[in-house]
Amino acid sequence: MSILALMGSVMFSASAIAAETPPAEHEGVPLKAAPLVQIGKFAITNSMLVTWIVAAAIIIFAQIATRRIQPIPSGIQNFWEWLVESLHNFLESIIGRELVKKTFWFFATIFIFILFVNWFGLLPGVGTIGWGHYDPTGNFHIDRPLLRGGNADLNMTTAMAAMFFLLWIVWAIQANGVGGFLLHIFGPKGETSGFMKIIMVVIFFMVGWLEIISILFRPISLSFRLFGNIYAGESIMEAMSTMVPMLGWLIPIPFYFMELLVGIVQALVFMLLTAVFTLLIAQHEPGHEPHH
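Scoring rules and cut-offs
- Residues numbered from 1 in each chain as written.
- Predicted model: local features only at pLDDT ≥ 70, side-chain atom pairs only at ≥ 80, totals over all residues.
- Heavy atoms only, no water.
- Helix = DSSP H or I, 4+ residues; strand = E, 2+ residues; numbered from the N terminus.
- Buried < 20%, exposed > 50% of the residue type's maximum accessible area, 1.4 Å probe, protein only.
- Contact = heavy atoms within 4.5 Å.
- Expected span 1.5 Å × (residues − 1).
- Bend = angle between axes of the 7 residues up to and from the residue.
- Salt bridge = Lys/Arg side-chain N within 4 Å of Asp/Glu carboxyl O.
- Patch = residues over 30% accessible without salt bridge, like charges linked within 9 Å, V, L, I, M, F, W, Y side chains within 5 Å.
- Areas by Shrake-Rupley, 256 points an atom, 1.4 Å probe, with all protein chains shown as cover.
- Phe/Tyr/Trp six-rings, centres within 6.5 Å; stacked < 30°, edge-to-face > 60°.
- Lys NZ or Arg CZ within 6 Å of the ring centre and 35° of its normal.
- Pairing = 2+ DSSP bridges.
- Core = buried A, V, L, I, M, F, W, Y, C linked by side-chain atoms within 4.5 Å.

Participant: Before we go on, may I ask you to explain the environment of phenylalanine 140 in this structure?
Facilitator: As for its position among the elements, phenylalanine 140 is in strand β4 (residues 140-145). Classification of phenylalanine 140 as partly exposed rests on a relative accessible area of 40%. If we skip the residues at most four places from it in the chain, phenylalanine 140 touches Gly130, Trp131, Gly132, His133 and Tyr134.

Participant: I keep staring at helix α2 (residues 46-65) and nothing clicks. Help me out?
Facilitator: Three or four residues apart is the spacing at which side chains of an α-helix point the same way, because the helix has 3.6 residues per turn. Here α2 is 20 residues long and its end C-alpha atoms lie 29 Å apart, about the 28 Å a rise of 1.5 Å per residue gives. Asn46, Ser47, Met48, Val50, Thr51, Val54, Ala55, Ile58, Ala62 and Ala65 are the residues of α2 that are buried.

Participant: It is not clear to me how the environment of alanine 57 should be interpreted in this structure. Could you clarify?
Facilitator: Among the secondary structure elements, alanine 57 is positioned in helix α2. Alanine 57 sits in the partly exposed class, given a relative accessible area of 41%. Each C-alpha atom of the pair alanine 57 and phenylalanine 116 lies 9.6 Å from the other, and the pair is 59 residues apart in sequence.

Participant: Honestly, helix α6 (residues 195-243) in this entry has me stumped. Any pointers?
Facilitator: Between its first and last C-alpha, α6 extends 68 Å over 49 residues, near the 72 Å set by a 1.5 Å rise per residue. The largest bend in α6 comes to about 35°, at phenylalanine 217, with the proline proline 219 one to four residues further on.

Participant: Would you explain the pattern of salt bridges in this entry?
Facilitator: If the charged atoms of two oppositely charged side chains come close together, the side chains can form a pair. Counted by the stated rule, this structure contains two salt bridges. With a closest N to O distance of 3.1 Å, glutamate 92 and arginine 97 form a salt bridge. Of the residues examined, glutamate 92 reaches a relative accessible area of 21% and is grouped as partly exposed. The class for arginine 97 is exposed, based on a relative accessible area of 55%. Salt-bridge contacts for glutamate 211 lead to arginine 218; the nearest nitrogen and oxygen are separated by 3.6 Å. On the basis of relative accessibility, which here comes to 30%, the residue glutamate 211 falls in the partly exposed class.

Participant: Help me out: how do you make sense of a nonpolar patch on the surface in this one?
Facilitator: Residues Phe195, Met196, Ile198, Ile199, Val202, Ile203, Phe205, Met206, Val207 and Trp209 make up a contiguous nonpolar surface patch of roughly 990 Å² in combined accessible area. One can find methionine 206 in helix α6. The class of methionine 206 is exposed, set by a relative accessible area of 53%.

Participant: What should I look at first to understand the packing of aromatic side chains in this one?
Facilitator: For any pair of aromatic rings, the description consists of the separation of the ring centres together with the inter-plane angle of the planes. Across all of its chains, the model carries 17 aromatic pairs by this definition. When the ring of phenylalanine 205 is compared with that of tryptophan 209, the centres are 6.1 Å apart and the planes differ by 90°; the resulting orientation is edge-to-face. Of this pair, phenylalanine 205 and tryptophan 209 are both found in helix α6, four residues apart, which corresponds to roughly one turn of the helix. Aromatic rings pair up to connect Trp105, Phe106, Phe107, Phe164 and Trp171 into one cluster. Its end group placed over the ring of phenylalanine 277, arginine 218 keeps NZ or CZ at 4.4 Å from the ring centre.

Participant: Hey, could you run me through the pairing of β4 in this one?
Facilitator: Two faces make up the sheet, and in a regular strand the side chains alternate between them. The sheet contact formed by strand β3 (residues 130-134) and β4 spans five bridges and is antiparallel. Looking at the pairing, glycine 132 lines up with isoleucine 142 of β4. Hairpin remark: β3 followed by β4, antiparallel, with five residues in the connecting loop; positive phi at glycine 138, about 95°.

Participant: Any chance you could explain the nonpolar core here in plain terms?
Facilitator: Across soluble globular proteins, you tend to see nonpolar side chains buried next to one another. With 55 residues, the main nonpolar core has Trp80, Leu87, Phe106, Phe107, Phe113, Met160 and Phe164 as its most contacted residues. Listed by contribution, the elements that provide at least two residues to this core are α2, α3 (75-95), α4 (97-120), α5 (154-186), α6 and α7 (253-282). Leave out the neighbours within four places in its chain, and phenylalanine 107 touches Leu91, Ile95, Phe164, Trp171, Met271, Thr274, Ala275 and Thr278.

As structure tokens, then:
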């Protein structure tokens with residue numbers, strides 16, 4: 001799980017930004033992550049830095065928690081075992097024991113990683129410390145924050161959705177075989193005979209192409225759902241903190257606790273949707289074996 005979290009953050013959340021734009025005053029949270037270091041055409045952005053920090057923290061915490069396994073857990077080992085065991089039992093009740101053995105490593109990793117990336121974005125200093133300029137009134141405006149919420153960057157959410165899509169194809173072929181995978185999409189459903197069977201074959205063949213379109217849009221919907229909710233939350237926090245400058249420390253507090261809830265809900269939604277998508281392609285009706 002730790003290796004996947006680090007690989008996902010390093011390899012897939014990068015956005016290639018050709019050059020830095022000059023500082024300019026803007027309202028709200030910018031859509032594009034700000035580059036911090038430029039190496040040729042490769043840019044290390046503030047959202048990438050956050051994902052690296054969170055991934056490293058998860059790896060270190062997991063290593064410390066499992067360094068000396070005790071028969072009766074306590075402390076951080078107890079917390080880590082509770083978290084992993086709860087996720088395992090929850091997923092097993094949804095997708096079944098056999099499928100969870102094969103896929104738990106991904107679903108648990110994606111939940112833990114998204115959850116702590118979301119919560120890290122709520123820490124004081126994220127989005128409020130960095131480089132900027134003074135306006136004519138003497139107020140300082142941040143143009144290039146040092147840190148930015150990792151999932152408020154569409155590159156990161158798209159990378160995680162694309163990673164799941166590739167794994168989904170692998171799991172679908174493993175469960176059904178190539179022929180069974182195509183039959184699952186284009187094959188007729190139900191028991192028919194004669195002329196009606198020919199009609200059903202044609203209908204479900206056409207429906208299969210709609211299913212292909214639906215499958216191709218799943219990564220897009222997954223990435224935009226997570227990005228939209230996290231980006232909207234950060235924008236609300238930004239707006240509430242600047243609405244009344246004298247009360248900028250007080251007004252965002254209710255929204256802060258709401259975003260804590262949104263962070264765990266969105267991690268859970270992403271994990272559940274990917275798990276259900278996998279279940280729909282990997283499950284078999286009683287008496288039907290995979291076609292290899």
